[in-house]
Amino acid sequence: MTDARDTDETIDRRADAPNRERVREALDDVTDPELDRSIVELEYVDAIEIDDERVTVAFTLPTAWCSPAFAWMMAVDARDGIEALPGVTETRVILRDHMHDEVINRGVNERLSFEETFPDADGGVDAVRAELDEKARIARQYDAVERLLEAGLEPAQIAALRVADVEPADETGDVAAVYLRDRALAVTVPMEPIESYLEKAEATGVVSTPDDALFRTPEGEPIDPESFDLVHRRGRLATVNMSGQGGICDGLREARQQRLAVDD
Amino acid sequence: MYQHDGEDVFVIDAHVHLWDASEENITHDGGEQFIQCFYDYHTTFTPDDRQWDMDEYRKYGQERMVEDLFGNAAADVAIFQPTYLTDFYDEGFNTTEQNAELALEYPERFVLNGTFDPRDGKEGLEYLEELHDTYDIQGVKLYTAEWRDESKGWRLDDEEAFRFLERCSDLGIENIHAHKGPTIRPLNRDAFDVKDVDDAASSFPELNFVVEHVGLPRLDDFCWIAAQETNVYGGLAVAAPFAQNRPGKFSEIVSELLWWLGEDRLLFGSDYALWNPDWLVEEVIEAELTEEHRAEYGVEWDLETKKKVMGENAAELYDIDVEEKKRQFREDEISQQFDLTDHYGEPAAADD
């Protein structure tokens, strides 16, 4: 592994060459699609190696039985994220200790599609990815709506919000102004949860224009104020599901590391 | 029976196995990976001093199972849930026939479930009938992600699966336990997806669908389906051991389940030998919901709820007369073996 000093030398050598910090930032944006948490935060990343313009990243999942589709998505996202960095000409991703590691590594690094890599699978990963993105959207909506409720907004006001009703309140972009009553009134809340929600809402296509209703039912429809509580309950449930599964994954990862340490 | 606050809680462990993952029985890499995966679950959610060695975990045998379930009276009755996996294991991993040896030796203590696999077609229907005729099964455990030759799984809402459910209905096999748990295989086709339960449950209102592992990691889909289909139940295996090392998470999951399903449609299961009821029952019964969750969800994990989830709900599904069982257990072989005859109350003659 390259340590911090090497990184500094790399920076000295050429300003736009890849360095560990940039690679890690790129990996920060790669999420475990089932948990909607960064693979860096989840400690899946084992090693980042930088050799001039070539970057190699190794990662390990909580169990060898992790869904190959999820493993594939993370490997592809890591590859694409690093490759988009300036100065990177070659990216290699190494999934370790997975039941399909060789197949996945070959497929990802040779740029095959999922279908080409797993000919016996029923098609690609797009449908699974879309479904998990939708769940992440619902969970993020819950967090954003909680902030608005805390700020004193009424359910009917939240249900009526349009995308254009949320704007940065200042130049830092950390605070959002949420406009109510035909823009007669603005409430300020932290931007982060709303921004994070919007990112997924746009990615999943449930909102696209400034006039669209900001928040949606799990099915993607605007929220009838009458059913606001139920929709919000379902959002809560999505967060409980994700963090519950996160608990299982964390535990499995710890147990596996102990077992591998003993085997060594 | 577990004693809690001076009250007896009759425990039906609704999810137990007697498996054989010995190296001689493994015929496919998947078999070894499967038991390793189980072992990871076991060590993750078992207190350090109660963890098994891998060797004993592969094949523990009947005697040990009886002691682990009933030795300290943590469980009173147990329901066998078979897992065949015959593409991975020569004699199968945990079949009805293997379970039957023990179930027939202690018929008062065990409920024996069968299985079916719609991919077996006509032969499969005959096998289902044979299980019914031989063992009078009241339930089946289904493993929709099981490999069979080229196939990597099936769905409960397949046309062929409906034929089997119809036969279950005709035969009076009312309890359909579907394993819907963590994703392990197969590839991108998500065979543990719970959505197929929805259509099956609404098409067969006379059957009860118990979603094992409450659909984790699809608790959200499961709860939403169960909220609408009143014949859908949740099996707590996998969620239960959270009580031991992630109590806040256990509180949150149980609160969600009680809010969406209520207290009448949840069944405790240890998933033995994934976890041992001799410590797990205590962890679950002594668990408490956090103040925050009680306020947020307006639900209680109180004695009445615990009695239902730990035994009464399963008794209802399997027509088990709990009071009659207690009378039997005052003198059955297992009570004698483990010196529990006093445990189940006064002899029948002095009763009432």
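Residues numbered from 1 in each chain as written. Chains lettered and ligands numbered in written order. Predicted model: local features only at pLDDT ≥ 70, side-chain atom pairs only at ≥ 80, totals over all residues. Heavy atoms only, no water.

An unreviewed UniProt entry lists chain B under the name Amidohydrolase family protein, with Natribaculum luteum as the source organism.

Looking at an unreviewed UniProt entry, chain A carries the name Metal-sulfur cluster assembly factor, with the source organism given as Natribaculum luteum.

Q: Please clarify how the nonpolar core should be interpreted in this entry.
A: As a rule of thumb, nonpolar side chains are buried together in soluble globular proteins. Formed by 135 residues in total, the largest nonpolar core has its most connected members in B:Trp19, B:Met65, B:Phe110, B:Leu165, B:Phe209 and B:Leu257. It is helix α10 (residues 247-261) of chain B that provides the largest number of residues to this core, a total of seven residues. In terms of nonpolar packing, the next biggest core, distinct from the first, is built from 38 residues, A:Ile48, A:Phe59, A:Cys66 and A:Ala75 among them. (Core = buried A, V, L, I, M, F, W, Y, C linked by side-chain atoms within 4.5 Å. Buried < 20%, exposed > 50% of the residue type's maximum accessible area, 1.4 Å probe, protein only. Helix = DSSP H or I, 4+ residues; strand = E, 2+ residues; numbered from the N terminus.)

Q: Is there a simple way to think about unusual backbone geometry in this case?
A: Excluding glycine, a negative phi dihedral is what most residues carry, and trans is how most peptide bonds are arranged. Residue and element names in this part refer to chain B. Cis geometry marks the peptide bond from Leu-216 to Pro-217, where omega comes out at 10°. Structurally, the position occupied by Pro-217 is in the loop between β8 (208-212) and α8 (219-228). The residue after Tyr-272, namely Ala-273, is reached through a cis peptide bond having omega 5°. With respect to the helices, strands and loops of the structure, Ala-273 is situated in the loop between β10 (266-267) and α11 (277-286). Backbone geometry at Asp-5 places phi at a positive 50°, although glycine is not the residue there. Its place among the elements puts Asp-5 in the loop between β1 (2-4) and β2 (7-9).

Q: What's the story with the confidence of the model for chain A in this structure? I'm lost.
A: Fine structural detail should not be taken from predicted coordinates in areas where pLDDT scores are low. Here chain A shows a mean pLDDT of 90. Residues at 70 or above account for 92%. This stretch, residues 1-6 of chain A, has a pLDDT under 50; its non-local contacts, to residues over four places away or in other chains, come to 10 contacts. (pLDDT = per-residue confidence, 0-100. Contact = heavy atoms within 4.5 Å.)

Q: Please explain the sheet that holds strand β6 (residues 166-168) of chain A as it appears in this structure.
A: Pairing between the strands of a sheet is mediated by backbone hydrogen bonds and can be parallel or antiparallel. Residue and element names in this part refer to chain A. Ordered in space as β6-β7-β8, the three strands form an open sheet in which the pairing is antiparallel. The strands lining the two open edges of the sheet, one partner per strand, are β6 and β8 (185-190). Between one strand and the next, the sheet's axes are offset by a mean angle of 35°, whatever the strand orientation. Direction of pairing for strand β7 (residues 175-180) relative to β8: antiparallel, over a ladder of six bridges. For Ala-176, the partnering residue across the bridge sits in β8 and is Val-189. (Pairing = 2+ DSSP bridges. Axes fitted to C-alpha atoms, helices over the stretch in contact; angles between N-to-C directions.)

Q: Whenever I open this one, the state of the cysteines confuses me. Can you help?
A: Think of a disulfide as a covalent bridge from one cysteine sulfur atom to another cysteine sulfur atom. Within the structure shown, the criterion is met by zero disulfides over all chains. Here A:Cys66 stays free of any disulfide, with the sulfur of A:Cys249 as its closest cysteine sulfur at 5.8 Å. (Disulfide = S-S within 2.5 Å.)

Q: Hey, could you run me through the packing of aromatic side chains in this one?
A: Two aromatic rings are characterised by how far apart their centres lie and by the angle between their planes. All names here are of chain B. Throughout the structure, instances matching the rule amount to 31 aromatic pairs over all chains. Seen in terms of ring centroids, Phe-10 and Phe-329 are 6.3 Å apart; in terms of plane orientation they differ by 10°. Their pairing is stacked. Here the residue Phe-10 occupies a position in the loop between β2 and β3 (12-16), and Phe-329 occupies one in helix α14 (residues 322-329), the gap between them amounting to 319 residues. Here Phe-329 falls in the buried class, since its relative accessible area comes to 0%. With centroids separated by 5.3 Å and ring planes inclined at 65°, the aromatic side chains of Trp-19 and Phe-38 adopt a geometry described as edge-to-face. Residue Trp-19 is located in the loop between β3 and α1 (29-44), and its partner Phe-38 is located in helix α1; the two are separated by 19 residues in the primary sequence. Pair check on accessibility: Trp-19 and Phe-38 agree, each one buried. (Phe/Tyr/Trp six-rings, centres within 6.5 Å; stacked < 30°, edge-to-face > 60°.)

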